[in-house]
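Listed below are the residues making up each chain.
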Amino acid sequence: MAALGWLTPRRRSATARSVLAGEASAEAARKSSQEAAGTTEEPQFPVHGDDRAAAFFDLDNTVMQGAALFHFGRGLYKRKFFETRELARFAWQQAWFRLAGVEDPEHMQEARDSALSIVKGHRVAELQSIGEEIYDEYMAERIWPGTRALAQAHLDAGQKVWLVTAAPVEIAQVIARRLGLTGALGTVAESVDGVYTGKLVGEPLHGPAKAEAVRALAAAEGLDLTRCAAYSDSHNDIPMLSLVGHPYAINPDSKLRKHARDLDWRLRDYRTGRKAAKVGIPAAAGVGAVAGGTAAAIALHRRRR
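A brief structural summary. All figures in this text were calculated on a predicted structure; none of them were measured in a lab.

1. Topic: the packing of aromatic side chains
Part 1 of the argument: With the rule as written, the count across this model stands at three aromatic pairs.
Part 2 of the argument: Pairing F45 with Y248 gives two aromatic rings, centres 6.1 Å apart and planes at 20 degrees, and the pair type is stacked. Within this pair, whereas F45 is found in the loop between α1 (16-37) and β1 (54-57), its partner Y248 is found in strand β7 (residues 246-250), the two being separated by 203 residues in sequence.
Part 3 of the argument: A relative accessible area of 25% places F45 in the partly exposed class.
Part 4 of the argument: When its relative accessible area of 4% is taken as the criterion, Y248 is described as buried.
Part 5 of the argument: Geometrically, the ring pair formed by F57 and Y231 is stacked, given 4.1 Å between the ring centres and 5 degrees between the ring planes. Of the two residues, F57 sits in strand β1 while Y231 sits in strand β6 (residues 229-232), which places them 174 residues apart along the sequence.
Part 6 of the argument: Overall, F57 belongs to the buried group, its relative accessible area being 1%.
Part 7 of the argument: One aromatic cluster is present, formed by F45, F57, Y231 and Y248 through successive ring pairs.
Part 8 of the argument: Above the face of the F45 ring, R266 is positioned so that its terminal group lies 5.9 Å from the ring centre.

The structure is reproduced here in structure tokens:
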């Protein structure tokens, strides 16, 4: 019987490590039992009726294919806000963004500077009205249905849903309203007496600034960030994603994908086609259209020089 002494219960208190081991073993057994019975289910999410939870969605390449600022620039060109050389720049930046599938700070800064110079002297109300038209012309058909369904799930659960983007707040608000979302956090351009000055208030809502905006909104709304969700495609938004208890990587760039896998974050990818999965674009055909438009714009620009 001495040989079986190890089977005899030991009269000593469990250590923290033994408690952890026991809980882990029990959880593994429960999951194994569920799988055997074919009843494996994830906990309900989002939680219905949780008014201290909300969802925060990045815009570019998360909710919408491409960059909102570039689509906005295309619409302004159509309305003769600027000349062909500016269109070539916007078209090239958009093509690069879609091909690379990541945000390049230099390109984004150049695009913002261009947009600020273009809207300087125009009335805020004028740009808001034009934004409604541009959404119908260039943005509505570029909304990812999968991401839209995720946002709707939060709305159906009675939770507020906010866009969080470096795009101008006026454009972000148009998109949020059209999608039936609660509202939007975006880059604020300075205006005096309803007229744009060509300057920003603070800095673009990008990277850490997004996290600060979400933190401030959560405090004002009485939200518990550990119960909130955030969605983005870009590693630049890791600060925002890290704030919440339910981070999601949507159509992720390579750095975000790796980070998400390392931390066991949930991933969703709504892009189609092998090339799209590799470089982060909606479809190969989309690249052809953008690249073709870019080439045409640049060729036209060169002919006029």
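2. Description of the pairing of β1
Part 1 of the argument: The alternating pattern of β1 places A54 and F56 on one face and A55 and F57 on the opposite face, and all of these are buried.
Part 2 of the argument: As defined by bridge partners, β1 adjoins strand β2 (residues 160-168) across four bridges and the pair is classed as parallel. Considered in β2, the bridge of A54 is made with K160.
Part 3 of the argument: Here β1 runs beside β6; their pairing, made up of three bridges, is parallel. The partner of F56 across the bridge, within β6, is A230.

3. Focus: unusual backbone geometry
Part 1 of the argument: Although it is not a glycine, D193 sits at a positive phi angle of roughly 55 degrees.
Part 2 of the argument: Relative accessible area serves as the criterion here: at 70%, D193 is assigned to the exposed category.
Part 3 of the argument: Non-glycine residue N251 carries a positive phi angle of around 45 degrees.
Part 4 of the argument: Residue classification places N251 among the buried positions, given a relative accessible area of 1%.

4. Comments concerning the nonpolar core
Part 1 of the argument: Grouped together as the largest cluster of nonpolar side chains are 40 residues, with contacts concentrated most on F57, L59, L76, M139, L163, I175 and Y231.
Part 2 of the argument: The element best represented in this core is helix α5 (residues 124-139), accounting for seven residues.
Part 3 of the argument: Residue contacts for L163: discarding those within four places in its chain leaves F57, L59, V63, A172, I175, A176, L181, G183, A184 and L185.
Part 4 of the argument: Residues V214, A218, L225 and I238 belong to the second largest nonpolar core, which totals 25 residues.

5. Points about the pattern of salt bridges
Part 1 of the argument: This structure, assessed with the given rule, holds 16 salt bridges.
Part 2 of the argument: Measuring nitrogen to oxygen at the nearest pair gives 3.6 Å for the salt bridge that ties E212 to R215. You can see E212 and its partner R215 sitting in helix α8 (residues 208-221), three residues apart, about one turn around the helix.
Part 3 of the argument: Exposure remark for R215: the relative accessible area of 40% places this residue in the partly exposed category.

6. Digging into α8
Part 1 of the argument: An ideal rise of 1.5 Å per residue puts 20 Å on 14 residues; α8 measures up with 20 Å between its terminal C-alpha atoms.
Part 2 of the argument: Among the residues of α8, A209, K210, A211, A213, V214, L217 and A218 are the ones counted as buried.
Part 3 of the argument: In the core, the buried residues of α8 are packed alongside β1, β2, β3 (183-187) and α9 (238-243).
Part 4 of the argument: Just downstream of α8 lies G222, where phi reads positive at about 70 degrees.

Cut-off values and rules
Note on numbering: residues in each chain are counted from 1, in written sequence order. Totals for whole chains, interfaces and linings use all residues, but because this is a predicted model, local features are given only for residues with pLDDT of at least 70 and pairs of side-chain atoms are given and counted only at 80 or more. Side-chain metrics in this entry use all non-hydrogen atoms of the structure; hydrogen atoms and water are not considered. Pairing of aromatic side chains requires ring centres within 6.5 Å, counting the rings of Phe and Tyr and the six-membered ring of Trp. Pairs whose planes differ by under 30 degrees are stacked, by over 60 edge-to-face, and all others tilted. Numbering of helices and strands starts at the N terminus; helices are DSSP runs of H or I of at least 4 residues and strands are runs of E of at least 2. Any residue under 20% of the maximum accessible area for its type is buried, any over 50% is exposed, and the rest in between are partly exposed; the area is computed with a 1.4 Å probe on protein chains only. Either the NZ atom of lysine or the CZ atom of arginine qualifies as a charge over a ring when it sits within 6 Å of the ring centre and within 35 degrees of the ring normal. Strand pairing follows a simple DSSP-based rule, namely that at least 2 bridges must link the two strands. The set of buried Ala, Val, Leu, Ile, Met, Phe, Trp, Tyr and Cys residues whose side-chain atoms join them within 4.5 Å is what this entry labels a nonpolar core. In what follows, a contact means two residues having at least one pair of non-hydrogen atoms within 4.5 Å. Salt bridges are defined as contacts in which a side-chain nitrogen from Lys or Arg sits within 4 Å of a carboxyl oxygen from Asp or Glu. Given a helix with a known number of residues, its expected span is that number minus one, times 1.5 Å.

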